[in-house]
Amino acid sequence: VPSTTRWLGLRGKQLELQLRVATPEPGRVLPSRFGIDVLAANSSNDDSMGATAFQRTRIAVMRDKQLLAIDRTLSGVPADADVRAGPLSFWFAPSGADERDANATSTLLLHVYVDASIVTVLAGNRTAVTVHVHPDELAVGVALFAEGAGAVHMQLEGWQLLPVYAAPPPDR
């Protein structure tokens, strides 16, 4: 199964991300899984991601299951390793219809909030999934990924967020 990951320059533990996924062009199909990794660290020879063991919280569109999933199997604490998912059937063609039917699909917006140990994803203002994760301190990377045959056009905008309290709140 072909797999591609593209590390981005955006990093942080407090982020707001907007990922737009375009409708596939006529004659093309989407990869089986695609999306974005957050709170990621890579232990390969690339020192830009730190020396931590490989970690990530993977936000995936699962084509065949028509789901939005947050995979936290590599998010830090093995006891919390699972996959949480919600429906994305509203974005895919109805069963039996051509996946490339322009009336069945449109651009999908994934709105992602990362706040240290909480990851929330809103998909098309119809599906929301939130998880609690335990990333290492060096797990601050962001990457786009695609798995399986097919092509997908993804556009990402992102912002680093400041803590609500830049300094401890005053005593009352």
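Keep in mind that what you see is a predicted model, and the values were worked out from it rather than measured.

Engineer: Would you explain empty space enclosed by the protein in this entry?
Structural biologist: To find leftover empty space, one rolls a probe the size of a water molecule over the atoms. As enumerated under the stated definition, the model contains one cavity of 30 Å³ or more in all. Within this model, the largest cavity holds a volume of roughly 30 Å³. In this structure, the largest cavity is lined by Arg72, Ser75, Gly76, Val77, Asp80, His132, Val133 and His134. Residues that form the lining of the largest cavity fall into these classes: two nonpolar, four polar and two charged.

Engineer: Would you mind going over unusual backbone geometry with me for this structure?
Structural biologist: Only a minority of non-glycine residues have a phi that is not negative, and only a minority of peptide bonds are not trans. Even without glycine at this site, Gln66 takes up a positive phi of about 55 degrees. Tracing the sequence through the fold places Gln66 in the loop between β4 (55–62) and β5 (67–71). Unlike most non-glycine residues, Ala116 shows phi in positive territory, near 60 degrees. Checked against the element boundaries, Ala116 lands in the loop between β7 (108–115) and β8 (118–123).

Engineer: What am I meant to see in the sheet that holds strand β11 (residues 154–160) here?
Structural biologist: Strand pairing within a sheet occurs via backbone hydrogen bonds; the two strands may be parallel or antiparallel. Overall, antiparallel pairing links the five strands, which are arranged β9-β8-β7-β2-β11 in an open sheet. At either margin of the open sheet sits one strand with a lone partner, and together these are β9 (127–132) and β11. The sheet shows a mean angle of 15 degrees between the axes of neighbouring strands, taken without regard to direction. Here β8 runs beside β9; their pairing, made up of six bridges, is antiparallel. When the sheet's bridge partners are listed, Thr120 is paired in β9 with Thr130.

Thresholds, definitions, all that
Residues numbered from 1 in each chain as written. Predicted model: local features only at pLDDT ≥ 70, side-chain atom pairs only at ≥ 80, totals over all residues. Heavy atoms only, no water. 1 Å grid on protein atoms, 1.4 Å probe; cavity = no way out; pocket = protein on both sides within 12 Å on 5 of 7 lines; lining within 4 Å. Points joined across faces, edges and corners; volume = space filled by probe spheres on them. Nonpolar A, V, L, I, M, F, W, Y, C, P; charged D, E, K, R; others polar. Helix = DSSP H or I, 4+ residues; strand = E, 2+ residues; numbered from the N terminus. Pairing = 2+ DSSP bridges. Axes fitted to C-alpha atoms, helices over the stretch in contact; angles between N-to-C directions.

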